[in-house]
Amino acid sequence: MTRRWGMVIDLDKCTGCGACNIACAQENNLPIFKDDSDVPKRVTFLDLIEVTNDKDPKAQYPDVKVAYIPKMCQQCSGNDPNNPHPPCVSVCPVVATDVGEDGVVSQIWSRCIGCRYCQVACPYEARVFHWWKPRYEGSFKESLNPDVSIASRGTMVKCTFCSHIWKRERDKAIAQGITDINAVTYTPACASACPTNAILFGDLNDPSSPVYEPKIQKDPRAVRLVHSIDELRTKDPSEYEKRTKIKEYPNPKVYYLTSQQWLRDKISGFKNS
Amino acid sequence: MSKVIDFLKNEWNSYPRNIQISLYVLFALVALFVIFAIQILFWGLGYTDMNNRFAMGIWIIGDLGFVALGGGAFFTGFMLYIFRVDKLQPLINSTVLIGFMCYLFTFILLVFDIGQPLRAWFGYAYPNWGPHTMPQSMLTEVVWCLTFYFIVLCIELFPIILSNKYLDRYPAVHYFAHYLHKLMWIFAAIGTFLSFFHQGSLGGGMWGVLYAKPYWFRHHYFYLAIVAAIAGGPCLMMLAPKIASWVAKKELVPKDAYMTLAQIAGVTFIAYFLFRVYDLYTLAKHFAPLFDRNLVDMMGGYYGWWVVGLELLASLVAIVILNVKKFRENEQYFIAGLISGVLAIVMLKVDVLLHGFSIPNFPWQDFFGYNPTIQEWFIFLGSLACMTLIYMWFVKYIPLFPEKHHEEAH
């Protein structure tokens, strides 16, 4: 069975501790600068976004609520998951980014010319550019991960669901004589680090996986980031059909779960927010 | 060596005071261009105000503007060599030179803009050609098509350079330039063919294919960019010789040539204006709702309505002046019409990029702002200064305006 990796993030369980962000940076050799307060230029694959309902006129103190959204590459697949067409892949002029059979959007740092067209195409601001030469302060250099190559200045980088860990697991399996590349599963750094188990990772096609897609789609708490067309799938299938014929939709493989309506409205897009 | 210094001294002293001051300013801008270019190329794009939210800035706005306005070169060549509008002959040399410079500096600004300039050749070595005959990435098409058209412009410029009076004395050079000139209709046709592709892809297609971006995604954007280049390009092609005539204090191009091209530009501007209104209408009624977005909400922020408003207003001014004979033939109105035409196309590009990037992607975000750093400003202004200096040099030493040289010879 071909794997199709996906993620489910339970925002009701997320405390906003930031362990996922740190684990991601450590695992993927993300640079650490003396001053990382320049947020728009910061190199991070997993952004922890704080959202509140304070602009909602109905939300009066003490009912103002706060939530944290861990946002990484949503590994879009386009309308047809069997023939994935993420918005960022086809635009690359030098084939530095591709989408694999497992649905993960990869990025080859050493092929990238740094034109940033993929960053322009990405609706989730998931791609980050090395505006400065990557630096590692103090002893951080000694803890670099040998499985991940360090990108040069002027190249685009992104979350790949830590696919190097899957490769590592596959190598271990091959050493044991298991040659089926889909035989093993793995857990990305962010999911491993989450202390409340809010981030679940697995195969969207595997019924035994905690992120089995047909099951998640039926969950009333499930919502995808800025993807309001999902509502139409059940409410107005003909309109859904019509729209998907006119254009592709990102169709991300990351689902968020929350029982808070204000947060669901905010995440789903601009329609209800 | 002393002869060269004496020549340069005499040359400099022969210029009027106001030209000398202008040259000081232009040389200063070029010097700053060089300084900041070194900084950007060696230390990276961190010195710009671009960031992960605002991925492209003033240089790409410049690129889009240069290519659209430089498009006047292919269109004028097409009208002259294919449609045989012979009245445009006095404008063609200047037009080819402006087109050449616009494309040259598009490449130069692109080199600054990419994070890995030393890997720029990857665009040719590893193009994203995709599974079909057409390139999969619009940027691949832009890179290849711009390159081919730039080669065509170099060939078109070659006989103009060879017509310099010192070079023209050699019979071999003279006949080579003469016969190359005779073949120019072929290059004009190739140039038009190529221009239709890259004008559409860089100006519109590149943005229109971004299916996840509500302000850019439009099926017809490719064609809008072509019409914009055809409408706005000729305005720059007339404005530059007009300014040169004003500086030289004599008319370099016969009025007939201006009026003929102005009439053509006037009609194409009507087509552009109607197309743009249709574009905004479909964006509001058809494309934005596909994303559950509202055009009125998207047009807020720092660069929303006023940019589009200014663009439409400038288009209307250009339409009125270039189409009404009374206004067109009045010198001041005519120049105002040309400036409006150029402004309209520049504002279209400002709208595409500056406003396009400022629109929030998430409901919890506000509109974004972009404030180019001095590095960005001076590399951009330095490019304009280089173009101005090259144009001035050509006006002085190369028969850019054959009519004027012909008159002077007699």
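Residues numbered from 1 in each chain as written. Chains lettered and ligands numbered in written order. Predicted model: local features only at pLDDT ≥ 70, side-chain atom pairs only at ≥ 80, totals over all residues.

What to know about the overall build of chain A
Reasoning step 1: Counting secondary structure elements, chain A contains eight helices and 10 strands.
Reasoning step 2: Reported as C-alpha extents along the three principal axes, the dimensions of chain A are approximately 50 × 45 × 40 Å.
Reasoning step 3: A buried classification covers 44% of the 273 residues belonging to chain A.
Reasoning step 4: Across chain A, contacts joining residues at least 24 apart in sequence account for 67% of those joining residues at least 6 apart. (Helix = DSSP H or I, 4+ residues; strand = E, 2+ residues; numbered from the N terminus. Buried ≥ 20, exposed ≤ 12 C-beta atoms within 10 Å, placed from the backbone. Contact = placed C-beta atoms within 7 Å.)

Here we look at the overall build of chain B
Reasoning step 1: A tally of helices and strands in chain B yields 16 helices and zero strands.
Reasoning step 2: For chain B, the C-alpha atoms occupy an extent of roughly 70 × 50 × 45 Å along the three principal directions.
Reasoning step 3: Once local pairs closer than 6 in sequence are excluded, the contacts in chain B between residues at least 24 apart make up 76%.

Points about the sheet that holds strand S10 (residues 254-257) of chain A
Reasoning step 1: Read across the sheet, four strands follow the order S8-S1-S10-S9 (chain A) without closing on themselves; strand pairing throughout is mixed. Looking at strand neighbours, the two that pair on one side only are strand S8 (199-203) and strand S9 (222-223) of chain A, the edges of this open sheet. (Pairing = 2+ DSSP bridges.)

So, the nonpolar core
Reasoning step 1: Core analysis: the biggest nonpolar cluster contains 195 residues, and Ile9(A), Ile199(A), Ala228(B) and Leu261(B) have the highest contact counts within it.
Reasoning step 2: For this core, the leading source of residues is helix H9 (residues 221-248) of chain B, giving 17 residues.
Reasoning step 3: Ignoring any residue separated from it by four or fewer positions in sequence, one finds Ile199(A) in contact with Met7(A), Ile9(A), Cys20(A), Pro70(A), Cys190(A), Ala191(A) and Cys194(A). (Core = buried A, V, L, I, M, F, W, Y, C linked by C-beta atoms within 7 Å.)

A look at helix H1 (residues 2-14) of chain B
The α-helix winds at 3.6 residues per turn, so residues separated by three or four positions along the chain end up facing the same way.
Reasoning step 1: With 13 residues, H1(B) should reach 18 Å at 1.5 Å per residue; the first-to-last C-alpha distance of 18 Å fits that figure.
Reasoning step 2: Of all 13 residues making up H1(B), only zero are buried, and the element is barely covered by its neighbours. (Expected span 1.5 Å × (residues − 1).)

Considering the interface of chain A and chain B
Reasoning step 1: Contacts between chain A and chain B engage 43 residues on the former and 36 residues on the latter.
Reasoning step 2: If you list the elements that add at least two residues to the side of chain A that touches chain B, you get helix H2 (117-121), strand S6 (128-129) and helix H7 (237-246) of chain A.
Reasoning step 3: In terms of residue class, the side of chain A that touches chain B is made up of 23 nonpolar, nine polar and 11 charged. (Nonpolar A, V, L, I, M, F, W, Y, C, P; charged D, E, K, R; others polar.)

A word on the confidence of the model for chain B
All names here are of chain B.
Reasoning step 1: Averaged over chain B, the pLDDT score is 92; the fraction of residues at 70 or greater is 98%.
Reasoning step 2: Helix H16 (residues 402-409) is the least confidently modelled element of chain B, averaging 61 in pLDDT, while helix H12 (residues 305-323) averages 97, the highest of any element.
Reasoning step 3: Scored by ipTM, the complex comes to 0.93, with pTM at 0.93. (pLDDT = per-residue confidence, 0-100.)

With respect to unusual backbone geometry
Reasoning step 1: With a phi angle near 40°, Val226(A) is a residue other than glycine that sits in the positive phi range.
Reasoning step 2: Take Val226(A): it is sitting in the loop between S9 and helix H6 (229-235).
Reasoning step 3: For Val226(A), a count of 25 C-beta atoms within 10 Å gives the class buried.
Reasoning step 4: The backbone of Arg84(B) sits at a positive phi, close to 55°, despite the residue not being glycine.
Reasoning step 5: Of note, Arg84(B) is situated in the loop between helix H3 (58-82) and helix H4 (89-113).
Reasoning step 6: Its 9 C-beta neighbours within 10 Å are what place Arg84(B) among the exposed residues.

Some remarks on the packing of H9(B) against helix H14 (residues 331-358) of chain B
Residues and elements named next belong to chain B.
Reasoning step 1: Contact geometry of H9 with H14 gives a least axis separation of 8 Å together with a crossing angle of 135°. The angle between the axes of H9 and H14 places the two elements in the oblique class. Judged by the twist between their axes, the crossing of H9 over H14 is left-handed. Counted together, Ala228, Ala231, Gly232, Cys235, Leu236, Met238, Leu239 and Lys242 of H9 and Ile335, Leu338, Ile339, Gly341, Val342, Ala344, Ile345 and Leu348 of H14 form the full contact between these two elements. (Axes fitted to C-alpha atoms, helices over the stretch in contact; angles between N-to-C directions. Parallel < 35°, antiparallel > 145°, perpendicular 65-115°, else oblique. Left-handed = near helix turned anticlockwise from the far one by under 90°.)

Considerations on the pairing of S10(A)
Successive residues of a regular strand alternate their side chains across the two faces of the sheet.
Residues and elements named next belong to chain A.
Reasoning step 1: Of the two faces of S10, the one holding Val254 and Tyr256 and the one holding Tyr255 and Leu257 are both buried throughout.
Reasoning step 2: Here strand S1 (residues 5-10) pairs with S10 via four bridges, running parallel. Bridging from a neighbouring strand, aspartate 10 pairs with leucine 257 of S10.

Description of helix H2 (residues 17-43) of chain B
Residues and elements named next belong to chain B.
Reasoning step 1: Relative to the 39 Å expected for 27 residues at 1.5 Å per residue, H2 spans 39 Å between its end C-alpha atoms, a close match to the ideal helical length.
Reasoning step 2: Taken residue by residue, H2 has Leu29, Phe33, Phe36 and Ile40 as its buried positions.
Reasoning step 3: Each element contacted by the buried residues of H2 is listed here: H4 and helix H15 (374-397).
Reasoning step 4: Where H2 terminates, the next one or two residues include glycine 44, which has phi positive at roughly 95°.

Looking at the environment of Ile345(B)
Residue and element names in this part refer to chain B.
Reasoning step 1: Of note, isoleucine 345 is situated in helix H14.
Reasoning step 2: The class for isoleucine 345 is buried, based on 30 C-beta atoms found within 10 Å.
Reasoning step 3: In this structure, the C-alpha to C-alpha distance between isoleucine 345 and methionine 299, residues 46 residues apart in sequence, is 19 Å.
Reasoning step 4: Setting aside its immediate chain neighbours within four residues, isoleucine 345 contacts Gly65, Ala68, Leu69, Ala228 and Gly232.

Notes on the pairing of S1(A)
Residues and elements named next belong to chain A.
Reasoning step 1: Of all six residues in S1, five are buried, a share of seventy percent or more.
Reasoning step 2: By the bridge criterion, five bridges tie S1 to S8 in an arrangement that is antiparallel. Across the sheet, valine 8 pairs through a bridge with leucine 200, a residue of S8.

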